[in-house]
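# Observations on the model geometry
What follows is each chain in one-letter form.
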Amino acid sequence: MTASLDLIAKEISRLAGGEMPIAATALLQIDGLGDLVIDGTGDANVVSTGAPAGPPDVTIAMDAATLAGLLDGSQDAGAAFTQGRIVVTGKVEVAMALAAFWDRGDPY
């Protein structure tokens, strides 16, 4: 995967924009690229790079290849989780709500 963290944030923002706010804050730790925050505590899901303003409701860790697969549809989130390619800490139900974003992804 050659996409930068900013391009990934833009793609996730596009995907998240069509979904109901997640009513939580999620921290995506992408090994080798950095951190993304999805803040769905307001009227929309807002995606940014860096650390969240406060403690996230859920932290989701994965490598860049797994995230690329989620976004282009070649990787199922549930399978990646059971294979240990995605590690979730905190509110699992928030992580599950994010699965709707991956279902509409496009390749880079």
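To be clear, the structure that these remarks concern was listed above.
What you see is a predicted model, and the numbers here were worked out from it, not measured in a lab. (Residues numbered from 1 in each chain as written. Predicted model: local features only at pLDDT ≥ 70, side-chain atom pairs only at ≥ 80, totals over all residues. Heavy atoms only, no water.)

### Here's the deal with the nonpolar core
- Ranked by size, the top nonpolar core spans 28 residues in total, and within it Ile12, Ile38, Leu98 and Trp102 carry the most contacts.
- Of all the secondary-structure elements, those providing two or more residues to this core are α1 (5–17), β1 (25–31), β2 (34–39), β4 (58–63), α2 (64–72) and α4 (92–102).
- With 6 residues, the single largest contributor to this core is α1. (Core = buried A, V, L, I, M, F, W, Y, C linked by side-chain atoms within 4.5 Å. Buried < 20%, exposed > 50% of the residue type's maximum accessible area, 1.4 Å probe, protein only. Helix = DSSP H or I, 4+ residues; strand = E, 2+ residues; numbered from the N terminus.)

### Quick notes on the side chain of Thr25
- Structurally, Thr25 can be placed in strand β1.
- In contact with Thr25, other than residues within four places in its own chain, are Val37, Ile38, Asp39, Thr41, Pro52, Pro56, Asp57 and Val58. (Contact = heavy atoms within 4.5 Å.)

### As for the sheet that holds β4
- With mixed pairing, 5 strands are arranged side by side in an open sheet as β3-β2-β1-β4-β5. At either end of the open sheet lies a strand with only one pairing partner, and these are β3 (46–49) and β5 (86–90). Pairs of neighbouring strands in the sheet enclose a mean axial angle of 20 degrees, with direction left out of account.
- The pairing of β1 with β2 spans 6 bridges and is classified as antiparallel. Bridge pairing in β2 places Ile30 opposite Gly34. (Pairing = 2+ DSSP bridges. Axes fitted to C-alpha atoms, helices over the stretch in contact; angles between N-to-C directions.)

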